[in-house]
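Geometric and topological summary
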Amino acid sequence: MHTGNTPTVADRLVRLIHGEAPERVPFVPFILGFCAKDAGYPVSVTYEDAEKSFYTQLHTAEKYGFDGTPLYFYASYGAWEFGGEVKMPQSQWEQATMITQHPAESPEAVEALELPPVGATGSVPLALAFSRYQAEHQLPVIGAPQVGVFTAAGNISGVSKLARWLIKQPETAHTLLRKATDHLVDTVGLWVEHFDPAQVLPFIGEPTASNQIISPQQFETFVLPYQRELHEKILDMGINSIVCHICGDQTANLPHWQQIPFSRDGFPGLLSFDHRVDLQQAIDLFGADNIITGNVEPRMIQDGSPDEVYHLCVEKITIGKTAPRGYVLMSGCEVPVQAPPDNIRAMVQAIEDHGYYR
Amino acid sequence: MSALQERQELLHHIRDAVVDYDEEVTVELCSNAIQVGLDAYDVVANGLALGMEEVGQLYEQKEYFVPEVLMCSDAFYAGLQHLKPHIRSDAATGSGQVIIGTVEGDVHDIGKNLVKLMLEAAGFVVHDLGKDVPLDKFVQEQQRTGADIIALSALMTTSMLAIPVVIEKMRAVNPNVKILIGGAPVSQESVDLYGADGYAETAARAVDEARRLLDLPYQE
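Only a predicted model underlies this, so the values are computations on that prediction, with no experimental measurement involved. (Residues numbered from 1 in each chain as written. Chains lettered and ligands numbered in written order. Predicted model: local features only at pLDDT ≥ 70, side-chain atom pairs only at ≥ 80, totals over all residues. Heavy atoms only, no water.)

Re the side chain of Ser159(B)
Looking at where Ser159(B) falls in the secondary structure, it is placed in the loop between strand S3 (149–153) and helix H7 (162–173). Every residue in contact with Ser159(B), bar those within four places of it in the chain, is listed here: Trp93(A), Val103(B), Glu104(B), Gly105(B), Asp106(B) and Ala154(B). (Helix = DSSP H or I, 4+ residues; strand = E, 2+ residues; numbered from the N terminus. Contact = heavy atoms within 4.5 Å.)

Written out as structure tokens, the structure is:
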């Protein structure tokens, strides 16, 4: 990871990862489609054009004055990569890539499912091209695997199918989770082949394992072993830190997430929490070893007034500044594509007014 | 055992079979109920539906999660499918009609399907438009069916913005139709902001909210 003298939009974040205290809390909004729209492009370029996706994110960070850093990510990962079909966002109501056909919707299809050739299918070539821009600009190479094992599996089969299999045909669920794990490990390996592992920050978003879908007991049986294996294998590749967006209400899963490694050799992991998880609780449980990021409610960024957003951010910053390994102000999930720009400015103002460590 | 006791015992077992998400036993018991001469609508209302009501409570209490509720819904619908041909045409529920769908731009439908299930189990007639539904279609379907409630679901903060557009379109044609909204990014505050009539955080609460909107008894 770039630690030279030339500052980048990710400078504060990188310093935090290397154990140096930045002068203020970094503000990394988790902002994708908004950047394309703000630059006058259709939202779809975020997912289908690596160059435009990268530069719209970079320029938006510079324009609004936040700390970056560009990221290629979509939560539907797994379907397209395993041979299903997706639809790029087109209308004003669409936020991200949507699955139109799942590749394995029956137990027989799961059995027959073959691991895709590494790097050749779905979004992976685009994500890899995106990471080349990150590396060129000496930014953190935040890349594969994009999603956690359970989310990938749900995207392959359809979440309703996977949910039923947890009870009705657990062996099918395990077969699918096994294949999803192997694919995600292989894909991260591709990043290690192309980039210096010390520069790579694998990004993992895990919405489907939230307690709005499954129980903590189901998490323990069907998520924990595979997710832990994924993280262990990633760290064994020489990668120092993992960025994990623990999406949705996962309060009841937090004790299980504590059993999963996010970093090695004294580096911190980066854990991003949804607004439904109590930020203080997240700091108490994970803050000793990890940078805590979050968790401004996206709906407020969309529907709130600049004043409301500002005060919500101040509230988060005040709590977050107590995190022992550092805190990053972030939206609790992706910043809404149609969010009013003044609300992003309000977030920047909050960090400027209250983010400094004094 | 008296006929009354036999009825109560059978309905109780049907309710338990739904809660235990035992599809096979649910169908078998529904078949038995018809064979012994129970009224099919009675079996739906006081067997299957009460089972789903209990499932809703277990979901609220975080005893059941989506996998369990989906399995229960399979048992419920299997039983309902078996009973439907035996339901008398005059056995109307009178609970009201609901049009439901996930708005345009959004393909997430698990929550919407759970709300549909709970509403059907509670006796509402539900017209399911599916997911990624063009906004005008909600209005057209309301005009066609005369439904009392439109239930709108969105999981994304971007598709959520389609909700007030549907509401505006609906109000322009028929201001008396009640609008119920839900989905992960939606909240009680959204009701005022978007001009809706009701919000339900969970599928089970959607039934109470629908009853409230139509001034129906809270619980039968």
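Section: the sheet that holds strand S2 (residues 125–128) of chain B
Sheets are built from strands paired through backbone hydrogen bonds, the pairs being either parallel or antiparallel. Residues and elements named next belong to chain B. Sheet architecture is open: five strands sit in the order S2-S1-S3-S4-S5, paired in parallel fashion. With one partner strand each, in any of the chains shown, S2 and strand S5 (198–199) form the two edges of the open sheet. With five bridges joining them, S3 and strand S4 (residues 178–182) adopt parallel strand pairing. Among the inter-strand pairings, leucine 152 is bridged to a residue of S4, identified as isoleucine 181. (Pairing = 2+ DSSP bridges.)

Here's the deal with the packing of helix H8 (residues 159–168) of chain A against helix H9 (residues 170–194) of chain A
Residues and elements named next belong to chain A. Contact geometry of H8 with H9 gives a least axis separation of 6 Å together with a crossing angle of 125 degrees. When the interaxial angle is binned, H8 and H9 end up oblique. Note on element contacts: H9 touches H8 through Pro170, Thr172, Ala173 and Leu176, opposite Leu162, Trp165, Leu166, Ile167 and Lys168. Looking at side-chain class alone, the contact of H8 with H9 contains seven nonpolar, one polar and one charged residues. (Axes fitted to C-alpha atoms, helices over the stretch in contact; angles between N-to-C directions. Parallel < 35°, antiparallel > 145°, perpendicular 65-115°, else oblique. Nonpolar A, V, L, I, M, F, W, Y, C, P; charged D, E, K, R; others polar.)

Here's the deal with the interface of chain A and chain B
On the chain B side, the residues contacting the 30 residues of chain A number 33 residues. Summing the contributions of chain A and of chain B, the shared interface buries around 2,500 Å²; its carbon and sulfur component is 62%. For chain A, the biggest contributors to the area lost against chain B are Trp93(A), Arg164(A) and Arg299(A); these three give 31% of the whole. On inspection of chain A and its partner chain B, the count reaches three salt bridges. (Buried area = accessible area lost by both parts, 1.4 Å probe. Salt bridge = Lys/Arg side-chain N within 4 Å of Asp/Glu carboxyl O.)

Topic: the domain arrangement of chain B
Residues and elements named next belong to chain B. Taken domain by domain, chain B holds domain 1 (3–86) and domain 2 (97–213). Relative placement of domain 1 and domain 2: their C-alpha centres are 26 Å apart. Taken together, the contact between domain 1 and domain 2 spans twelve residues of the former and eleven residues of the latter. Summed over both partners, the interface of domain 1 with domain 2 buries about 990 Å², with 74% contributed by carbon and sulfur atoms. Contact with domain 2 buries surface across domain 1, with Tyr59, Glu60 and Tyr77 losing the most and accounting together for 42% of the total. (Domains from an automatic or database assignment.)

Thoughts on the environment of Lys321(A)
Residues and elements named next belong to chain A. The topology assignment puts lysine 321 in the loop between helix H14 (306–320) and strand S8 (327–331). Measuring from C-alpha to C-alpha, the distance between lysine 321 and glutamate 114 comes to 46 Å, with 207 residues separating the pair along the chain. Among the polar contacts listed, one links the side chain of lysine 321 to the backbone oxygen of tyrosine 356, at a separation of 2.8 Å. (Polar contact = N/O pair within 3.5 Å; in protein donor to acceptor, adjacent residues only side chain to side chain.)

Looking at the environment of Cys313(A)
Residue and element names in this part refer to chain A. Looking at where cysteine 313 falls in the secondary structure, it is placed in helix H14. Taking the C-alpha atoms as reference points, cysteine 313 and alanine 350, 37 residues apart in sequence, are found 6.2 Å from one another. Setting aside residues up to four positions removed in sequence, cysteine 313 forms contacts with Val296, Leu329, Met347 and Ala350.

Topic: the packing of aromatic side chains
All names here are of chain A. Using the criterion set out here, one finds 17 aromatic pairs over all chains in the structure. Geometrically, the ring pair formed by phenylalanine 34 and tyrosine 64 is edge-to-face, given 6.0 Å between the ring centres and 65 degrees between the ring planes. Placement of phenylalanine 34 in helix H2 (residues 33–38) and of tyrosine 64 in helix H4 (residues 50–64) is noted, with a sequence separation of 30 residues between them. Summarising the burial analysis for this pair, phenylalanine 34 and tyrosine 64 share the class buried. Relative to phenylalanine 286, the ring of phenylalanine 273 lies with its centre 5.7 Å away and its plane at 40 degrees, an arrangement referred to as tilted. Taken as a pair, phenylalanine 273 in strand S6 (residues 269–273) and phenylalanine 286 in helix H12 (residues 279–286) lie far apart in primary sequence, 13 residues in all. Exposure remark for phenylalanine 286: the relative accessible area of 3% places this residue in the buried category. A connected cluster of aromatic rings, assembled from ring pairs, spans Phe54, Tyr55, Tyr72, Phe130 and Tyr133. (Phe/Tyr/Trp six-rings, centres within 6.5 Å; stacked < 30°, edge-to-face > 60°. Buried < 20%, exposed > 50% of the residue type's maximum accessible area, 1.4 Å probe, protein only.)

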